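Per-entry structural report
Chain by chain, the residues:
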Amino acid sequence: MDAKKLALDLLTRYRSVVLVGVGLPVGLAFEAALRVRTKLYDLLGAAPERHDEKVRDIQDQVSRWAAQPEAERKPMCTDRKTWMNLSTRFEPKHRWHQVRMGKLRDILSVDLEARTVHVEPFVTVGQATSYLIDKGYMLAVNLEIAEATLGGLAMAVGMTTHSHKVGLLSETVVAYELVTAQGELLRVTADSHPDLYRALPWSHGTLGLLVGLELKIIPVKSHVHLRYEPSASQAQYCARINELATMDDAPDFLEATVYSREQAVIIKGEFAEPITPEQKAKINPIGRWYKPWFYTHVRQYLRGEGDEYIPLRHYLLRHNRSIFWVVEHMIPGGNHPVFRALLGWMMPPKIAFLKFSTTPAVRKMTFTKQVFQDITLPMSAMAQAVNRSDELFDIYPILLYPCRIYDRGPGSGQLRHPAPEDRVEGTDHAMYFDLGVYGVPGPIQRGEKFKTVHAMREMEAFTQSVRGFPFLYADTFMTRAEFEEMFDLSLYREVRAKYGAQGAFPDLYDKIKPELEVLAVLDEEDAWELDGERAEPSEQAEQAEVIEGPWSRLAKLRHQHDAG
Ligand SMILES: NC(=O)C1=CN([C@@H]2O[C@H](COP(=O)(O)OP(=O)(O)OC[C@H]3O[C@@H](n4cnc5c(N)ncnc54)[C@H](OP(=O)(O)O)[C@@H]3O)[C@@H](O)[C@H]2O)C=CC1
Ligand SMILES: C=C(/C=C/[C@@H](C)[C@H]1CC[C@H]2C3=CC=C4C[C@@H](O)CC[C@]4(C)[C@H]3CC[C@]12C)C(C)C
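This one's a predicted model, so the numbers in the text were calculated from it and none came from an experiment. (Residues numbered from 1 in each chain as written. Chains lettered and ligands numbered in written order. Predicted model: local features only at pLDDT ≥ 70, side-chain atom pairs only at ≥ 80, totals over all residues. Heavy atoms only, no water.)

1. Section: the overall build of the chain
- Scanning the chain from terminus to terminus reveals 24 helices and 16 strands.
- Over its C-alpha atoms the chain spans a radius of gyration of 23 Å, differing by no more than 12% from the 24 Å that the globule rule assigns to 564 residues.
- By principal-axis analysis of the C-alpha atoms, the chain measures approximately 70 × 60 × 55 Å.
- Residue burial in the chain is summarised as follows: out of 564 residues, 57% are buried.
- If you sum the accessible surface of the chain, you get close to 24000 Å²; carbon and sulfur atoms cover 55% of it. (Helix = DSSP H or I, 4+ residues; strand = E, 2+ residues; numbered from the N terminus. Rg over C-alpha atoms; globule rule 2.2 N^0.38 Å. Buried < 20%, exposed > 50% of the residue type's maximum accessible area, 1.4 Å probe, protein only. Areas by Shrake-Rupley, 256 points an atom, 1.4 Å probe, with all protein chains shown as cover.)

Printed below as a string of structure tokens:
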């Protein structure tokens with residue numbers, strides 16, 4: 001066995017040990033270096049002036065790209081490393097022209113009167129949270145994962161437990177600063193370029209390069225008063241979430257953790273300033289390194305309701321230490337009191353390190369033995385969705401939180417406009433929710449044979465049938481035709497043509513479709529299905545020639561497309 005193969009094999013087999021022994025300390029050092037960098041930049045205090053220089057550099061790079069003969073131009077993308085981003089994919093960026101944009105990671109200014117913050121696109125949620133809370137504010141849509149970037153959320157999708165009040169992150173964008181395929185710098189607002197403004201969310205960097213972002217912020221209080229409400233019936237928790245999300249004085253934050261088909265804890269949060277001794281006695285800094293992981297803490301409220309005051313920063317990043325319940329499968333025992341006491345201060349492993357250390361075998365595992373999906377579905381389909389997820393994956397806990405989707409009619413963006421029956425009466429929006437399914441399917445945990453990708457395809461079909469949309473950071477297995485049925489690409493295509501993005505940036509489906517390596521594995525899966533037994537690698541190659549399963553077809557289409 002050669003050295004590389006041996007290293008990959010060891011990395012796959014002893015992943016948990018490597019994550020704890022190397023991943024945690026490296027992540028910590030990386031975090032500290034970033035903090036020092038941010039402090040230094042703050043001290044130098046010249047971020048806004050440097051911003052213009054950085055933007056000009058990007059415009060120059062794009063102009064040089066545009067000056068090349070057409071046949072030599074590869075579609076452009078950012079140079080953000082695939083191992084640094086939050087997608088489960090490893091995009092084939094080597095086949096695209098990567099524009100150097102990594103320096104765009106500074107907070108430029110905050111306007112407390114207008115309640116907006118001006119940032120560069122690679123500012124992270126963690127960075128923005130610390131900066132704004134110190135000033136008594138937070139982003140109107142503030143994701144739970146510190147490593148996500150604001151540009152990534154704006155070009156894709158951002159949703160949180162405050163979204164039932166404000167909608168997706170894109171609703172909170174005052175202006176996008178975009179470098180077009182011609183190297184022109186545009187300040188895109190809802191009034192200046194309404195078509196582009198509506199098409200940019202869910203476009204994944206396929207309409208232009210984002211170099212700046214103005215986002216709405218909201219005033220905050222020091223704590224969030226959380227009230228936990230257990231529910232022992234599915235009908236009850238579905239109805240209750242809908243009621244809470246749509247009422248006039250809806251709580252500031254709302255989510256539910258579903259522990260089994262019938263059992264859930266609904267979590268309602270209100271901004272609060274604990275002042276009385278009783279209130280102060282209920283302060284729980286849940287984010288501290290020695291505290292139990294949030295979803296395990298919440299589970300105890302299945303036995304009866306309760307309330308507590310959580311410091312705001314701890315609330316906003318409440319799922320960060322355990323990456324919801326994902327870390328449990330990567331570092332078994334990570335929530336054990338002894339582990340927390342000794343090593344909890346180094347948690348969580350950085351998602352970048354999880355990705356950096358992803359061997360081909362681990363990548364294969366992430367879609368054949370695990371599920372990572374976030375799906376936006378209309379509220380009316382909540383019970384159906386939980387049941388479908390239960391039948392297909394049998395994974396718990398499940399995450400649910402409501403989100404407004406504004407109805408601006410057909411062709412107003414990539415999201416198909418909501419069905420009239422999903423509209424909240426007397427308003428301009430429908431109520432949707434996020435269904436988060438992360439983990440190892442029940443049958444696999446029990447050692448039974450299970451075809452994860454086939455189950456995910458069924459979930460996609462269900463999503464389509466109820467007019468929902470999966471987040472495109474996760475693996476999607478739809479064919480191009482299925483994708484185009486699910487998303488409304490009419491405005492997107494117009495905008496691509498109008499702003500010269502066609503050919504200059506990859507097409508949306510090409511950007512988010514499974515990697516070739518994934519398709520190869522899927523072909524194996526089909527061979528497996530055909531024979532009822534996993535075929536030997538040599539046989540797989542032969543079978544791939546004759547099998548006309550969906551993966552082979554997808555792979556062939558992809559090859560044809562890539563060949564031009
Ligand atoms: N609750 C939520 O809202 C959650 C959101 N997510 C997802 O996480 C992702 C955010 O993570 P993050 O790692 O920060 O994002 P990514 O780096 O993965 O970026 C997401 C997409 O946006 C594009 N993009 C990012 N920055 C720019 C830019 N400056 N100019 C042009 N295109 C850009 C990327 O293209 P390129 O590859 O060219 O960089 C990519 O296609 C989003 O996809 C989001 O939907 C995940 C979990 C939960
Ligand atoms: C914020 C939300 C959900 C977030 C997470 C659960 C996922 C977001 C990105 C996911 C991952 C990316 C890449 C990975 C590499 C693989 O080798 C292992 C898995 C993973 C770490 C994977 C894990 C889940 C995510 C962190 C919700 C609220 C919308």
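2. Some words on the sheet that holds strand β10 (residues 253-258)
- Strand order across the open sheet formed by eight strands is β12-β9-β11-β10-β14-β15-β13-β16, with antiparallel pairing between neighbours. Every interior strand has two partners, whereas the edge strands, β12 (306-311) and β16 (469-470), have only one.
- Pairing analysis gives eight bridges linking strand β14 (residues 398-406) to strand β15 (residues 429-439), with the strands arranged antiparallel. Pairing of tyrosine 406 across the sheet is with histidine 429, part of β15.
- Against the sheet, helix α18 (residues 452-465) contacts β13 (371-378), β15 and β16, and its axis sits at roughly 10° relative to β13. (Pairing = 2+ DSSP bridges. Contact = heavy atoms within 4.5 Å. Axes fitted to C-alpha atoms, helices over the stretch in contact; angles between N-to-C directions.)

3. Structural notes on the environment of alanine 361
- For alanine 361, the position within the fold is in helix α15 (residues 360-368).
- Residues alanine 361 and arginine 50, spaced 311 residues apart in sequence, show a C-alpha to C-alpha distance of 43 Å.

4. Describing the domain arrangement of the chain
- Here the chain is partitioned into domain 1 (231-309) and domain 2 (361-545).
- Using only C-alpha atoms to locate each centre, domain 1 and domain 2 end up separated by 29 Å.
- Taken together, the contacts link 16 residues of domain 1 with 16 residues of domain 2.
- Summing both sides of the interface, domain 1 and domain 2 together bury roughly 1400 Å²; the carbon and sulfur share of this comes to 67%.
- If you sort the residues of domain 1 by the area they bury against domain 2, Gln234, Val258 and Arg261 come out on top, with a joint share of 36%. (Domains from an automatic or database assignment. Buried area = accessible area lost by both parts, 1.4 Å probe.)

5. Brief notes about the environment of glycine 183
- You can see glycine 183 is positioned in the loop between β6 (173-179) and β7 (185-188).
- Taking the relative accessible area as the measure of exposure, glycine 183 reaches 9% and is therefore buried.
- Between the alpha carbons of glycine 183 and arginine 56 there is a distance of 9.1 Å; along the sequence they are 127 residues apart.
- For glycine 183, the residues in contact, after removing those within four places along its chain, are Gln59, Val62 and Ser63.

6. Structural notes on the site of ligand 1
- Contacts to ligand 1 come from 29 residues, most closely from Thr78, Leu86, Leu143, Thr149 and Val157.
- Taking lysine 93, its side chain carries an N or O atom lying 3.2 Å from an oxygen atom of ligand 1.
- Between ligand 1 and the protein, one listed contact pairs an oxygen atom with a side-chain N or O atom of lysine 511 at 2.9 Å.
- Expressed as a share of its isolated accessible area of 880 Å², the protein-covered part of ligand 1 is 96%.
- Going through the elements one at a time, β1 (76-78), α5 (150-155) and β8 (209-219) are the ones with two or more residues in the shell around ligand 1.
- Per-element accounting of the shell around ligand 1 gives the leading share, four residues, to α5.
- A class-by-class count of the residues in the shell around ligand 1 yields 17 nonpolar, nine polar and three charged. (Near = heavy atom within 4 Å. Polar contact = N/O pair within 3.5 Å; in protein donor to acceptor, adjacent residues only side chain to side chain. Nonpolar A, V, L, I, M, F, W, Y, C, P; charged D, E, K, R; others polar.)

7. Observations concerning the site of ligand 2
- As a structural note, the neighbourhood of ligand 2 is formed by 22 residues, with Leu86, Phe324, Thr358, Asp374 and Tyr438 the closest of them.
- Taking threonine 358, its side chain carries an N or O atom lying 2.7 Å from an oxygen atom of ligand 2.
- Within the complex, the protein chains bury 97% of what would otherwise be the 620 Å² of accessible surface of ligand 2.
- Put simply, the parts of the chain that give the shell around ligand 2 at least two residues each are α14 (351-356), β13, β14 and β15.

8. Some points on the nonpolar core
- Counting 116 residues, the largest nonpolar core has Leu150 and Tyr176 as the members making the most contacts within it.
- Three or more residues apiece are contributed to this core by two domains, here domain 1 (231-309) and domain 2 (361-545).
- Ranked by size, the runner-up nonpolar core spans 41 residues in total, among them Met379, Leu392, Ile398 and Leu435. (Core = buried A, V, L, I, M, F, W, Y, C linked by side-chain atoms within 4.5 Å.)

9. As for the environment of valine 265
- Checked against the element boundaries, valine 265 lands in strand β11 (residues 264-272).
- As a C-alpha pair, valine 265 and arginine 299 span 34 residues in sequence and 7.3 Å in three-dimensional space.
- The residues contacting valine 265, other than those within four sequence positions of it, are Tyr228, Glu229, Pro230, Glu255, Ala256, Thr257, Tyr259, Val298, Tyr301 and Leu302.

10. Concerning the pairing of β11
- With eight of nine residues buried, β11 is to be regarded as a mostly interior element.
- The pairing of β10 with β11 spans six bridges and is classified as antiparallel. Bridging from a neighbouring strand, threonine 257 pairs with valine 265 of β11.
- Between β10 and β11, which follow one another and run antiparallel, lie five residues.

11. Some thoughts on the packing of aromatic side chains
- Evaluation of the coordinates by the stated rule reveals 20 aromatic pairs.
- Between tyrosine 432 and phenylalanine 469 the ring centres are 6.5 Å apart and the planes differ by 15°, which places this aromatic pair in the stacked class. Here tyrosine 432 is found in strand β15, whereas its partner phenylalanine 469 is found in strand β16, with 37 residues between them in sequence. Like tyrosine 432, the residue phenylalanine 469 is buried in the burial classification.
- Look at phenylalanine 483 and tyrosine 509: their rings are 5.5 Å apart centre to centre, the planes differ by 50°, and that puts the pair in the tilted class. With a gap of 26 residues between them, phenylalanine 483 in helix α19 (residues 480-486) and tyrosine 509 in helix α21 (residues 508-512) connect regions that are remote in the sequence. Each member of the pair, phenylalanine 483 together with tyrosine 509, is buried.
- Of note, arginine 73 hangs over the ring of tryptophan 65, and the distance from its end group to the ring centre comes to 5.0 Å.
- Above the ring of tyrosine 131, the side-chain terminus of lysine 135 is found at 4.0 Å from the ring centroid. (Phe/Tyr/Trp six-rings, centres within 6.5 Å; stacked < 30°, edge-to-face > 60°. Lys NZ or Arg CZ within 6 Å of the ring centre and 35° of its normal.)

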